[in-house]
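Here are the chains, one letter per residue:
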Amino acid sequence: TLTGHRDAVWSVAFSPDGQTIASGSLDKEVRLWRASDGSHLRTLTGHQETVWSVAFSPDGQTIASGSGDKEVRLWRASDGSHLRTLTGH
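So, how was this worked out
Residues numbered from 1 in each chain as written. Predicted model: local features only at pLDDT ≥ 70, side-chain atom pairs only at ≥ 80, totals over all residues. Heavy atoms only, no water. Buried < 20%, exposed > 50% of the residue type's maximum accessible area, 1.4 Å probe, protein only. Helix = DSSP H or I, 4+ residues; strand = E, 2+ residues; numbered from the N terminus. Pairing = 2+ DSSP bridges. Salt bridge = Lys/Arg side-chain N within 4 Å of Asp/Glu carboxyl O. Axes fitted to C-alpha atoms, helices over the stretch in contact; angles between N-to-C directions. Core = buried A, V, L, I, M, F, W, Y, C linked by side-chain atoms within 4.5 Å. Contact = heavy atoms within 4.5 Å.

**Q** I'd like to hear about the pairing of strand β3 (residues 30-34), residue by residue, with values.
**A** By the criterion of burial, β3 is predominantly enclosed, with four of the five residues buried. Summarising the sheet, strand β2 (residues 20-25) and β3 pair through five bridges and their orientation is antiparallel. Within the sheet, the bridge partner assigned to Thr20 lies in β3 and is Arg34. Counted along the chain from β2 to the antiparallel partner β3, the turn is four residues long, and its residue Lys28 has a positive phi close to 75 degrees. Bridging between β3 and strand β4 (residues 40-44) involves four bridges; their strand directions are antiparallel. Opposite Val30, over in β4, you have Leu44 as the bridge partner. Hairpin connection of β3 to β4: five residues between the antiparallel strands, including Gly38 at a positive phi of 75 degrees.

**Q** Describe the pattern of salt bridges, listing the residues and the values that go with them.
**A** Applying the stated rule across the entire model yields four salt bridges. For Glu29, the salt bridge is made with Arg31, and the minimal N-O distance between the two is 3.3 Å. Each member of the pair, Glu29 as well as Arg31, is classed as buried. Of the charged contacts in the structure, one is a salt bridge between Arg34 and Asp37, with a shortest N-O distance of 3.7 Å.

**Q** Requested: an account of the sheet that holds strand β6 (residues 62-67), with residues and values cited.
**A** With antiparallel pairing, four strands are arranged side by side in an open sheet as β5-β6-β7-β8. Sheet topology places β5 (51-56) and β8 (82-86) at the edges, where each strand pairs with a single neighbour. For this sheet the average axis-to-axis angle between neighbouring strands, irrespective of direction, equals 20 degrees. Bridge analysis of β5 against β6 gives five bridges, and the strand direction is antiparallel.

**Q** A description of the nonpolar core should follow, citing residues and the corresponding values.
**A** Ranked by size, the top nonpolar core spans eleven residues in total: Ala13, Ala22, Val30, Leu32, Leu44, Val51, Val54, Phe56, Ile63, Trp75 and Ala77. Breaking this core down by element, the ones donating at least two residues are β3 and β5. Looking at this core, the element that brings in the most residues is β5, giving three residues. When neighbours within four sequence positions are excluded, Phe56 is seen to be in contact with Ala13, Phe14, Ser15, Pro16, Thr20, Ala22, Thr62, Ile63 and Ala77.

Here's what the structure looks like:
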């Protein structure tokens, strides 16, 4: 069990190497977890609405999150830094 989100979780994705899990929630956050033991790695913040979807790039280097704020945010998987925001949806 991975606990930490403050509201319902709507999306979960495994990294291509199976080592990391990303979860998106009604609490407007993306959380990253170590798959082997469920430990929380980091929280990615910046969305203004529910995070409805999360996905890893095929190489596992980037995470995309889609939100009710009409934005897709791209994050560096290794350190959680925000790379860019895609708008216009």
